Amino acid sequence: MDELDLLKKAWKKDTHSFEQVTETEIYKMLHRKSSSIVKWILVISILEFAVWAAVSILFNTDDAIKSLHAESFSIYLKILTYINYAVVVYFIYVFYRNYAKISTITSTKQLMQDILRTRKTVQFYVWYNLIMIFISTILGFVMAFIYNPQMNALKDKIAHEDSYLTLSKTICIIVVTCVVTVGVFWLFYRLLYGILLRRLQGNYRELKKIDL
């Protein structure tokens, strides 16, 4: 049994005067825990951004694009990359702003509102990343199909086949690959942020009991 459970037990057992003191202590503890969780969300998002930036630098796609003579396509990839960086940096800023707000809150209602706001922000962040992973996977297939010489045999087979069997198989492979890729990252984000969000939700429920 942790310190919070002990306080809650004492709160239920003792007198009204002690109840007020214990309620304040429970609020302070939930406040500290919530602030710590939001701080970890901020730290993890920064580390995640740093890892992806390092990966993009180490595995530079410019050489691969040049070898495929797909320079015109690379412009769209760079635009998409810059937009993605800008959006992720904005999310990190919002995480920081949420952390700054929660760290200075003195109202139970305000803390509850900011917990809900933080949860929604993280959920939007995760869904944005999953959508970008899906789009990037599709673009990777499109670029390979259009510019990779090894795809010429496949393109010829599709062009001269009346049954569309090869085209259907190709589309199925692309769809399955996209679903599996997004699914793996969804599990990763569920593990990474899901635990923190569940703890925040638990804090919200405890605060709701105090606020009644």
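The present account deals with the structure reproduced in this document. Not measured: the values here are computed from a predicted model. Residue positions are counted from 1 within each chain, in the order its sequence is given. Residues qualify for local features only when their pLDDT is at least 70, as the model is predicted, and side-chain atom pairs are given and counted only at 80 or more; totals for whole chains, interfaces and linings, by contrast, use all residues. Heavy atoms throughout the structure, all of them, feed into the side-chain values; hydrogens and water do not.

## Focus on the overall build of the chain
In terms of helices and strands, the chain carries seven helices and zero strands. Listed N to C, the secondary structure of the chain is α-α-α-α-α-α-α in terms of helices and strands. Accessibility here uses a 1.4 Å probe with only protein chains present; expressed as a share of the type maximum, an area under 20% marks a residue as buried, one over 50% as exposed, and anything in between as partly exposed. By residue count, 33% of the 212 residues in the chain fall in the buried class. Should any heavy atoms of two residues lie within 4.5 Å, those residues are considered in contact. Across the chain, the fraction of contacts at a sequence separation of at least 24, relative to all contacts at a separation of at least 6, is 79%. Within the structure as shown, the chain displays about 13,700 Å² of accessible surface, and the carbon and sulfur contribution to it stands at 67%. Helix and strand assignments follow DSSP, with helices taken as H or I runs no shorter than four residues and strands as E runs no shorter than two, numbered in order from the N terminus. All accessible areas in this document rest on Shrake-Rupley with a 1.4 Å probe, and a residue is counted as covered only by the protein chains that are shown.

## Points about the packing of aromatic side chains
Aromatic contacts are taken between Phe, Tyr and Trp rings whose centres are within 6.5 Å, Trp giving its six-membered ring; a plane angle under 30 degrees counts as stacked, one over 60 as edge-to-face, and the others as tilted. Taken as a whole, this structure holds 11 aromatic pairs when the rule is applied. Ring geometry for Trp52 and Phe185: centres 5.8 Å apart, planes at 35°, overall tilted. With Trp52 in helix α2 (residues 16-58) and Phe185 in helix α7 (residues 165-211), this pair connects stretches of sequence that are 133 residues apart. For Trp52, a relative accessible area of 42% corresponds to the partly exposed category.

## A few points about the layout of surface pockets
What the second largest pocket holds in volume is close to 260 Å³. Cavity and pocket criteria rest on a 1 Å grid covering protein atoms alone: a 1.4 Å probe that fits but cannot get out defines a cavity, protein on both sides within 12 Å along at least 5 of 7 lines defines an open pocket, and an atom within 4 Å of a point defines a lining residue. Lining the second largest pocket, in full, are Arg119, Val122, Gln123, Val126, Trp127, Trp186, Tyr189, Arg190, Tyr193, Gly194, Leu197 and Arg198. Elements that contribute at least two residues to the lining of the second largest pocket include exactly α5 (108-147) and α7. Of all the elements, α7 adds the most residues to the lining of the second largest pocket, at seven residues. Here the lining of the second largest pocket is built from residues that sort into seven nonpolar, two polar and three charged. Grid points are joined across faces, edges and corners, and a volume is the space filled by probe spheres set on the points. The classification used treats Ala, Val, Leu, Ile, Met, Phe, Trp, Tyr, Cys and Pro as nonpolar, Asp, Glu, Lys and Arg as charged, and all other residues, Gly among them, as polar.

## Points about the pattern of salt bridges
When their charged atoms lie close together, side chains carrying opposite charge are able to pair. Salt bridge, as applied in this entry: a Lys or Arg side-chain nitrogen positioned within 4 Å of an Asp or Glu carboxyl oxygen. This structure, assessed with the given rule, holds one salt bridge. Asp114 is the salt-bridge partner of Arg117, the closest N and O atoms lying 2.0 Å from each other. Highlighted residues: Arg117 and Asp114, both in helix α5, separated by three residues, approximately one helical turn. According to the relative accessible area criterion, Arg117 is partly exposed, its value standing at 33%. The class of Asp114 is buried, set by a relative accessible area of 3%.

## As for the environment of Arg198
Residue position: Arg198 is located in helix α7. Assessed through its relative accessible area of 49%, Arg198 is described here as partly exposed. Put simply, Arg198 and Arg119 are 79 residues apart on the chain and 9.3 Å apart in space, counted from C-alpha to C-alpha.

## Digging into the nonpolar core
Ranked by internal contacts, the top residues of the largest apolar core, which has 32 residues, are Ile41, Phe95, Val122, Tyr193 and Leu207. Of all the secondary-structure elements, those providing two or more residues to this core are α2, α4 (71-103), α5 and α7. Ranked by residues supplied to this core, first place goes to α5 with 10 residues. The residues touching Tyr193, leaving out its near neighbours within four places in the chain, are Ile41, Ile44, Ser45, Glu48, Val122, Tyr125 and Val126. Remark: nonpolar core denotes a set of buried residues (Ala, Val, Leu, Ile, Met, Phe, Trp, Tyr, Cys) joined through side-chain atoms within 4.5 Å.

## Let's talk about the side chain of Asn203
Take Asn203: it is sitting in helix α7. With residues near it in sequence (within four places) discarded, Asn203 still touches Leu30, Lys33, Ser34, Ile37 and Ile115.

## What to know about the environment of Ala53
Tracing the backbone through its elements, the reader meets Ala53 in helix α2. By relative accessible area, Ala53 is classed as buried at 18%. Sequence separation of Ala53 and Tyr85 is 32 residues, and the distance between their C-alpha atoms is 8.8 Å.

## Examining the environment of Tyr76
Here Tyr76 lies in helix α4. What makes Tyr76 exposed here is its relative accessible area of 59%. Sequence spacing of Tyr76 and Leu139 is 63 residues, and the spatial spacing of their C-alpha atoms is 9.8 Å.

## Regarding a nonpolar patch on the surface
Patch membership needs two things, relative accessible area over 30% and no salt bridge, and members are linked within 9 Å if like-charged or within 5 Å if nonpolar (Val, Leu, Ile, Met, Phe, Trp, Tyr). Nonpolar side chains collect at one region of the surface, where Val51, Trp52, Val55, Leu58 and Phe59 lie side by side and expose about 550 Å² of accessible area between them. In this structure, Val55 sits in helix α2.

Worth remembering: the numbers are spatial, not functional.
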